[in-house]
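A structural walkthrough
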Amino acid sequence: MSLRITDLHAVEILDSRARPTLAVTLTTSEGGRIHSAVPSGASTGSMEAVELRDTGRSRYGGQGVLTAVGNVNGEIAQALTGRTFSSAAAVDRALIALDGTDDKARLGANAITGVSLAATRAEAASGGTALWQHIARRAGTSPRLPVPHFNVVNGGAHAANGLDFQEFMLAPLGAPSLAEAVRAGAEIYGRLKARLASEGQPTGLGDEGGFAPDIDRPEDVLRVLVSAIEDAGYAAGREGVALALDPAASEFREDGDYRIAGESLTSDQLIDRYEEMIENFPVWSIEDGLAEDDWDGWTRLTARLGSRVQLMGDDIFVTDPATIAQAVTRTVGNSSLIKVNQIGTVTETLEAVRICREAGYTQMISHRSGETPDAFIADLAVGTGCGQIKSGAPARGERVAKYDRLLEIADAHPVDLRFGVVAP
Ligand SMILES: C=C(OP(=O)(O)O)C(=O)O
Ligand SMILES: [Mg+2]
């Protein structure tokens, strides 16, 4: 299989937060015209590959992406157009070499991600395979339908409320199928709205389509969520619908402590608090429970709770194969969130997934808080066979696009694709 790139074009578009991002169209002589769009985070890890923004320009308050767009249409297009590549991985290698930096700061991780996503899609199209099947073949993985993790209460950097924890997710671990998992998410979302309204809470939405109530204590949110699960007729727990947290603790780190609902906690006090939450509520997974600079705290967190819950690194690992390998050596966490634009290419993303798999770390494929209708991550989740995905609430088009793509894949493969999380 080879890819002859005949044209490459990027344009500035808007993401779901009304911030500029870019869309790429890549034309090959084999696969036709391929589109991709690039998401963008708000609570980003400091070691993420660098998203290029037009600081200093007045358009979009200096937050446009015309420089990144120009890099695709200029230097990258010049380097790739007219060339034949042996694979999409070869395109990624060319992009990394052309950029020449460790963090993709020169051409921009957003520019590089857009081209990398399109190259992977073009390779799948040229072989006549579905994207998820192509990814599985490329990565040497067994495809699987992931358990969707629906972020139904938003706080932190994703909402204008006083809630410090960023994400409260429904995890329908006990659902018999993807369709039933999606149905559970949607039904509980509806019951949650009714319950919040009946308690006099606002039902406006945060960035990922979850509700943004005026609740400060995470335990109070967990209590409402368990009630909403039961209101909808489901059992709260790992046999039914469990809960997953992304506190995004780097965002409420202050002077070496953690500030939650006005209280200052040490790493160990926060770990105690998580232990209580695990005992009192059906929490099965905690992402970024501690901050990205608190590796010693993470070691203690993992020693204390790692046999009971999934401890997932996002800001601390940033989908970086080298950082994940270091975490494995130091027994930090037992799971990694996976975001393509944190590292910048599909090739490096698949490498991060491989390192996790070989080390017995589970993985969850993730959207960003600023999204587009591009559903690449749905295919990535199925193709890698990691068994978990998060794409926000079961509401709002840019979130639902991923869940709907999963439903279509599931419908077309009722027998050969298994559904569920993968044991580490
Ligand atoms: C999706 C997340 O948020 P963002 O895209 O803002 O980093 C996250 O922290 O997991
Ligand atoms: Mg996170």
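Conventions adopted
Residues numbered from 1 in each chain as written. Chains lettered and ligands numbered in written order. Predicted model: local features only at pLDDT ≥ 70, side-chain atom pairs only at ≥ 80, totals over all residues. Heavy atoms only, no water. UniProt positions renumbered as here; feature names shortened; annotations may be inferred. 1 Å grid on protein atoms, 1.4 Å probe; cavity = no way out; pocket = protein on both sides within 12 Å on 5 of 7 lines; lining within 4 Å. Helix = DSSP H or I, 4+ residues; strand = E, 2+ residues; numbered from the N terminus. Buried < 20%, exposed > 50% of the residue type's maximum accessible area, 1.4 Å probe, protein only. Salt bridge = Lys/Arg side-chain N within 4 Å of Asp/Glu carboxyl O. Contact = heavy atoms within 4.5 Å.

Let us now look at the UniProt feature "binding site: Mg(2+)" (unreviewed entry) in the protein chain. Using the residue numbers shown here, the UniProt feature "binding site: Mg(2+)" (unreviewed entry) corresponds to D246, E287 and D314. For the annotated residues, spread through 69 residues, the largest C-alpha to C-alpha distance comes to 9.1 Å, consistent with a single compact locus. Cross-referencing the annotated residues with the second largest cavity identifies D246, E287 and D314 as lining it. The topology assignment puts E287 in strand β11 (residues 283-287). Judged by relative accessible area, E287 falls into the buried class, the value being 1%.

Moving on to the pattern of salt bridges. The tally for this structure, following the rule as stated, stands at 35 salt bridges. Residue D374 is joined to R121 by a salt bridge in which the shortest nitrogen-to-oxygen separation is 2.8 Å. Taken together, the residues span a long stretch of sequence, with D374 in the loop between β14 (362-366) and α12 (376-384) and R121 in helix α3 (residues 109-126) at a distance of 253 residues. Classification of D374 by relative accessible area gives buried; the value is 14%. Measuring nitrogen to oxygen at the nearest pair gives 2.8 Å for the salt bridge that ties K390 to E167. Here E167 lies in strand β6 (residues 167-171) and K390 lies in strand β15 (residues 388-390), a separation of 223 residues in the sequence. Residues K390 and E167 agree in their burial class; the two are buried. One salt-bridge network, held together by shared partners, links R217, E219, D220, R223, E263 and R273.

Moving on: the UniProt feature "active site" (unreviewed entry) in the protein chain. The feature "active site" (unreviewed entry), as given by UniProt, occupies E208 and K339 in the numbering adopted here. The annotated residues contributing to the lining of the largest cavity are K339. The residue E208 is located in the loop between α5 (178-198) and α6 (218-231) in this model. Judged by relative accessible area, E208 falls into the buried class, the value being 2%. Setting aside residues up to four positions removed in sequence, E208 forms contacts with N151, N154, H158, E167, H367, R368, S369, G392, A393 and R399. On the basis of relative accessibility, which here comes to 6%, the residue K339 falls in the buried class.

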